[in-house]
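Structural features, examined
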Amino acid sequence: MKPSIAITEWSEILANQSDEAIIDFVAAPFHEKIYQDQSFDLLDQLNPIQKALVIHHYIMMHVPSGGFIQFIHNEYVSLIPEFMEGLKVVGDYKMVVILDKVLVEYVQHHSLFKEAHTLELFTKLYDQLPQFNALDEQFKNAYPTMNSLIVAYLKEHVQEVLSLTV
């Protein structure tokens, strides 16, 4: 799946939008399809960059407000390896290392996440797993660079994600 966009519109977006807005714009058609299908099956049809653009949105819906604990609790942890593959393509190895640490912590404390089936138990995770605070902070600090690398990649390789039309 490669959504179409006019070359002039793409140039205008690149010139006038923030990195995050560019990422959101490019990911929007994929999100619409996922929402329409009520399934992540579309991810199986996407290349690593397209997947990373989609997953970026889910990470940004959770991590800035509730941290990786919320992201994991809402059962999105399985998206992290796919996101990491896209980040490797754009060259963001710093974020890959952070996400790898998140996965290690998740695996080590899987039973706590599995048991947190009430709001009270979920809330306790923040006290029980303070190491996620540091990971959330590392993510926050590395986030602007990640976005810059994704957008730089899109500028050079847009045809891997979108079909440009005249």
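Look up a bit, the structure's there.
Description of the structure in this document. Computed from a predicted structure; not experimentally measured. (Residues numbered from 1 in each chain as written. Predicted model: local features only at pLDDT ≥ 70, side-chain atom pairs only at ≥ 80, totals over all residues. Heavy atoms only, no water.)

Of all hydrophobic cores here, the largest spans 57 residues; its most connected members are Leu-53, Leu-87, Phe-132 and Leu-154. Within the residue set of this core, elements represented by two or more residues are helix H1 (7–16), helix H2 (19–37), helix H3 (48–73), helix H4 (80–90), helix H5 (93–108), helix H7 (119–128) and helix H8 (131–157). Sort the elements by how many residues they give to this core and H3 lands first, with 12 residues. Contact partners of Leu-87, with chain neighbours within four places excluded, come to Asp-92, Met-95, Val-96, Leu-99, Met-146 and Ile-150. (Core = buried A, V, L, I, M, F, W, Y, C linked by side-chain atoms within 4.5 Å. Buried < 20%, exposed > 50% of the residue type's maximum accessible area, 1.4 Å probe, protein only. Helix = DSSP H or I, 4+ residues; strand = E, 2+ residues; numbered from the N terminus. Contact = heavy atoms within 4.5 Å.)

In the structure shown here, the tally under the stated rule is 4 salt bridges. The salt bridge involving Lys-88 is made with Glu-85; its shortest N-O contact spans 3.2 Å. Placement of both Lys-88 and Glu-85 in helix H4 is noted, with a separation of 3 residues, approximately one turn of the helix. Note on Lys-88: relative accessible area 33%, which makes it partly exposed. (Salt bridge = Lys/Arg side-chain N within 4 Å of Asp/Glu carboxyl O.)

Turning to the packing of H2 against H3, a few remarks are in order. When two helices pack together, their arrangement is given by the angle between the helix axes and the distance between those axes. At a minimum axis separation of 9 Å, H2 and H3 run at an interaxial angle of 90°. Classified by the interaxial angle, the pair formed by H2 and H3 is roughly perpendicular. Of the residues in H3, those touching H2 at Ile-23, Val-26, Ala-27, Phe-30, His-31 and Ile-34 are Gln-50, Leu-53, Val-54, His-56, His-57 and Tyr-58. Residues of the contact of H2 with H3, tallied by class, amount to 8 nonpolar, 4 polar and no charged. (Axes fitted to C-alpha atoms, helices over the stretch in contact; angles between N-to-C directions. Parallel < 35°, antiparallel > 145°, perpendicular 65-115°, else oblique. Nonpolar A, V, L, I, M, F, W, Y, C, P; charged D, E, K, R; others polar.)

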